[in-house]
Amino acid sequence: MATIFGILLSVAAAYMATRFNNIMDMLQLVFAFVNAPLFATFLLGMFWKRTTGHGAFTGLLSGTLAAALHHGLTLPEGGVSGVKGGWLAILHTYPSEMAQNFWTAIFAWTTCFVLTILISIVTRPHEEKDLKGLVYSLTEKPTEGHLSWYARPATLAIIVLGLTLLLNIIFR
């Protein structure tokens, strides 16, 4: 059943892809629905120790639903209602598909971020001992004092950034 469902989903996605000018427009739409709320959840989960599973799940789901709602209420200029948006109503028309995708991602990210915070505040937090190694502020920072200069990540990062800048100036 999973194989049959996967094949049918692939056929539907391929048919839907033919409606876009190029594959990047379709990928950006998928990213707006999936990656934007996932990124908000990831940021909060990694950097805010108060984030809870209930807040993260509800925020992620709400962010995806906000993306669907925004997409369903907007349309790119010259687009036909359906795959490219406007399947609920047309409240706003964007100058391009990428502009619509950008704003869809903003709505998804913001909704996920805000709702994750609000729900996490009203739900029971995890104990700090359970979050060690998962949340940045509770994770022990490694010391680099005993390492040689070529084994220190910060030193290597500065060298790579300097070389990148130099190559950009030379090959500009």
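From a predicted model like this one, the values you see are computed outputs, not experimental measurements.

Q: Would you explain the pattern of salt bridges in this entry?
A: When their charged atoms lie close together, side chains carrying opposite charge are able to pair. Per the stated rule, a full pass over the model turns up four salt bridges. Ionic pairing is found between K49 and E128, a salt bridge with its closest N-O pair at 2.8 Å. Placement of K49 in the loop between α2 (23–47) and α3 (53–73) and of E128 in helix α5 (residues 128–131) is noted, with a sequence separation of 79 residues between them. For E128, a relative accessible area of 40% gives the class partly exposed. In this structure, E97 engages K84 in a salt bridge whose closest nitrogen and oxygen atoms are separated by 2.8 Å. With E97 in helix α4 (residues 97–122) and K84 in the loop between β1 (74–76) and β2 (92–94), this pair connects stretches of sequence that are 13 residues apart. The class of E97 is buried, set by a relative accessible area of 10%. Three or more residues are tied together by salt bridges with common partners; here these are E127, K129 and D130.

Q: I would appreciate a short explanation of α3 in the present structure.
A: Residues lying three or four places apart along an α-helix face the same way, a consequence of the helix completing one turn every 3.6 residues. In this model, α3 (21 residues) spans 30 Å end to end at C-alpha, consistent with the 30 Å of a helix rising 1.5 Å per residue. When we look at burial in α3, the residues that qualify are G55, A56, G59, S62, G63, A66, A67, H70, H71 and G72. The elements touched by buried residues of α3 are α2, β1, β2 and α4.

Q: Explain the packing of aromatic side chains here, please?
A: Aromatic ring pairs: the centre-centre distance and the angle between the two ring planes describe each pair. One pass over the full model with this rule turns up four aromatic pairs. Ring centres 6.1 Å apart and planes at 85° place the aromatic pair F102 and W103 in the edge-to-face group. With centroids separated by 5.8 Å and ring planes inclined at 90°, the aromatic side chains of W149 and Y150 adopt a geometry described as edge-to-face. Judged on exposure class, the residue W149 and its partner Y150 are both exposed. Above the plane of the ring of Y136 lies K141, whose end atom (NZ or CZ) is 4.5 Å from the centre.

Q: Teacher, can you tell me more about the packing of α2 against α4 here?
A: How two helices pack is summed up by the angle between their axes together with the distance between the axes. It is at 8 Å that the axes of α2 and α4 come closest, and there the two elements cross at 20°. Relative to α4, the element α2 is oriented roughly parallel. Of the two possible hands of crossing, α2 and α4 adopt the one that is right-handed. Of the residues belonging to the contact of α2 with α4, the class tally is 17 nonpolar, five polar and two charged.

Q: Would you mind going over the packing of α2 against α3 with me for this structure?
A: Where α2 contacts α3, the axes come no closer than 9 Å and their chain directions differ by 150°. Comparing their axes, α3 and α2 come out roughly antiparallel. In this structure, the crossing between α2 and α3 has a hand that is right-handed. Residues L29, A32, F33, P37, L38 and T41 of α2 lie in contact with α3, whose contacting residues are A56, L60, G63, T64, A67, A68 and H71.

Q: Quick question: what am I supposed to make of helix α1 (residues 2–17) here?
A: Compared with an ideal rise of 1.5 Å per residue, which puts 16 residues at 22 Å, α1 spans 22 Å between its outermost C-alpha atoms and is within 8% of the ideal. For α1, the buried fraction is low: zero of the 16 residues fall into the buried class.

Rules and cut-offs
Residues numbered from 1 in each chain as written. Predicted model: local features only at pLDDT ≥ 70, side-chain atom pairs only at ≥ 80, totals over all residues. Heavy atoms only, no water. Salt bridge = Lys/Arg side-chain N within 4 Å of Asp/Glu carboxyl O. Helix = DSSP H or I, 4+ residues; strand = E, 2+ residues; numbered from the N terminus. Buried < 20%, exposed > 50% of the residue type's maximum accessible area, 1.4 Å probe, protein only. Expected span 1.5 Å × (residues − 1). Contact = heavy atoms within 4.5 Å. Phe/Tyr/Trp six-rings, centres within 6.5 Å; stacked < 30°, edge-to-face > 60°. Lys NZ or Arg CZ within 6 Å of the ring centre and 35° of its normal. Axes fitted to C-alpha atoms, helices over the stretch in contact; angles between N-to-C directions. Parallel < 35°, antiparallel > 145°, perpendicular 65-115°, else oblique. Left-handed = near helix turned anticlockwise from the far one by under 90°. Nonpolar A, V, L, I, M, F, W, Y, C, P; charged D, E, K, R; others polar.

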